Amino acid sequence: MTETDRTERLDRFAIDPFGSDIAGESARLRALGPIVPVELPGGIPAWAPTGYDTLKELILDPQVSKDPRRHWRLWPEIGEHPSWGWILGWVGVVNMLSTYGADHTRLRKLVAPSFTQRRTELMRPRVEAITTELLDSLDDALDLGGAGGDVVDLKVGFAHPLPMRMICELFGVPDELTEATGALIAAIMDTSDPSPEHAAFVQQQIGTVLGALIAHRSEHPGDDLTTELIRVRDEDGDRLSDEELLYTLLLVIGAGFETTVNLIGNAVVALLTHPEQLAAVRSGKIGWDAVIDETLRVHPSIASLPLRFAVEDLKVGDVTVPAGDAIITTYAAAGLDPEHYGPDADGFDAARGADDHLAFGIGVHRCIGAPLARVEALTALPALFERFPGLELAVGEDELRQVPSFIAFGWQEIPVRLRA
């Protein structure tokens, strides 16, 4: 009997690869217990924590690893399952997302100095300038269109290009690689296609696109983070290997771009569908920081992140997660947990004060790019609603389409009328 056969004896809840109803799926999982055996796209067996406290404890537990090579019992079998290939873009890499213990500490020590609070603050004027430029472009397009009710896709015109331009400037991505970089991150986030062809495409693009970025910055160094990561050494002379450099860029560019796109877009939709709260924000009764925290609680940019692994048998309530089993980090389920946030946990309430959300991680696993994401959102959102006070959704909330992913939590398009 293979390890897969032994694991598959459990009755597993099949996770929707399209993420069509993440909130509803989280509630159904929660009804089954504090941690539930699930099947990820392609048939990968894992466990899903369903509540805030459970997820927080597992993230902080030193007996929960992110290193598949050392701690995933099924790692040797990946080659036998063609439909599992998509997971390699997440765990078949060597960066802070797939290392454990001393290895994780070493990589974070090398990378974190490039993402200091001071450096983030120095970028604020550039965030403001790009925000103004994008809003001017929306204004111009509206004037050219004539009718005041013209519909635009706010994701294409605003939520996407702001973080995309910031991350490309920050990492010195040349113009000829910008589109390919965005397409690469979108392909990794798309979990609706577990085919070997899609997995092979992603792996090929990682090497091609990010390899070209490294080659460009090695030949043309500049005042950017790619150049900095190429050169970085600690006091002992340690540095990132070629493989670590490639996959660290994959992690920090992806995390610094796609997640902020969804944060801005999700906050806009939340406010437009809760006009009384938008009015409270406009009047100053609710601050923009609170809006961002509540958005991250109810609609975290990353709903679930694969994968972590039990180093030894883990007891969660009455359930034992065997050593070597995989676990997903279920940020969306944690944020909607009524035991932690009350019976109305599934509702958006910016006055709630939910600054203890786990959307950016916690402890040594907290996202190093979180300050930049917050700066971008705190700049973009007030500016958008001030420029277009009549902003409204051009479709019903139930007509918005989730991106095809159980990992990313955001909208494919956000059709709005800039002037009601």
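Described below are features of the structure shown in this document. (Residues numbered from 1 in each chain as written. Predicted model: local features only at pLDDT ≥ 70, side-chain atom pairs only at ≥ 80, totals over all residues. Heavy atoms only, no water.)

Looking now at the packing of helix H10 (residues 161–170) against helix H19 (residues 370–387). Helix packing for two helices is described by the angle between their axes and how far apart those axes are. As a packed pair, H10 and H19 sit with axes 11 Å apart at the nearest point and diverge in direction by 140 degrees. Considering the angle they form, H10 stands oblique to H19. Handedness of the crossing formed by H10 with H19: right-handed. For the pair H10 and H19, contact is made by Leu162, Pro163, Met166 and Leu170 and by Leu372, Glu376 and Ala380, respectively. Considered class by class, the residues forming the contact of H10 with H19 number six nonpolar, no polar and one charged. (Axes fitted to C-alpha atoms, helices over the stretch in contact; angles between N-to-C directions. Helix = DSSP H or I, 4+ residues; strand = E, 2+ residues; numbered from the N terminus. Parallel < 35°, antiparallel > 145°, perpendicular 65-115°, else oblique. Left-handed = near helix turned anticlockwise from the far one by under 90°. Contact = heavy atoms within 4.5 Å. Nonpolar A, V, L, I, M, F, W, Y, C, P; charged D, E, K, R; others polar.)

We now examine the pairing of strand E6 (residues 304–310). In regular strands, side chains alternate between the two faces of the sheet. Counting buried positions over the seven residues of E6 gives seven, a clear majority of the element. Here strand E4 (residues 64–65) runs beside E6; their pairing, made up of two bridges, is antiparallel. Along E6, the bridge assignment pairs Ser65 with Phe309. Bridge analysis of E6 against strand E9 (residues 326–330) gives four bridges, and the strand direction is antiparallel. Considered in E9, the bridge of Leu305 is made with Thr329. (Buried < 20%, exposed > 50% of the residue type's maximum accessible area, 1.4 Å probe, protein only. Pairing = 2+ DSSP bridges.)

Right, let's get into the side chain of His198. With respect to the element layout, His198 can be found in helix H12 (residues 196–219). Among the residues examined, His198 registers a relative accessible area of 14% and is labelled buried. If we ignore the near neighbours within four places in the chain, the residues touching His198 are Ala187, Asp190 and Asp193.

Pairing between side chains of opposite charge can happen when their charged atoms approach one another. Under the counting rule described, the total for this entry stands at 18 salt bridges. What you see here is one network of salt bridges that share partners, running through Asp136, Asp139, Arg387 and Arg419. (Salt bridge = Lys/Arg side-chain N within 4 Å of Asp/Glu carboxyl O.)

Turning our eyes to something else, we now look at the pairing of strand E3 (residues 44–49). Of all six residues in E3, six are buried; the element is thus mostly enclosed. Of the two faces of E3, the one lined by Ile44, Ala46 and Ala48 and the one lined by Pro45, Trp47 and Pro49 are each fully buried. Inspection of the sheet shows strand E2 (residues 35–40) paired to E3 by six bridges, in the antiparallel sense. Its bridge partner being in E3, Leu40 is matched across the sheet by Ile44. Hairpin connection between E2 and E3: a loop of three residues separates the two successive antiparallel strands, and Gly42 in this loop has a positive phi of roughly 85 degrees.

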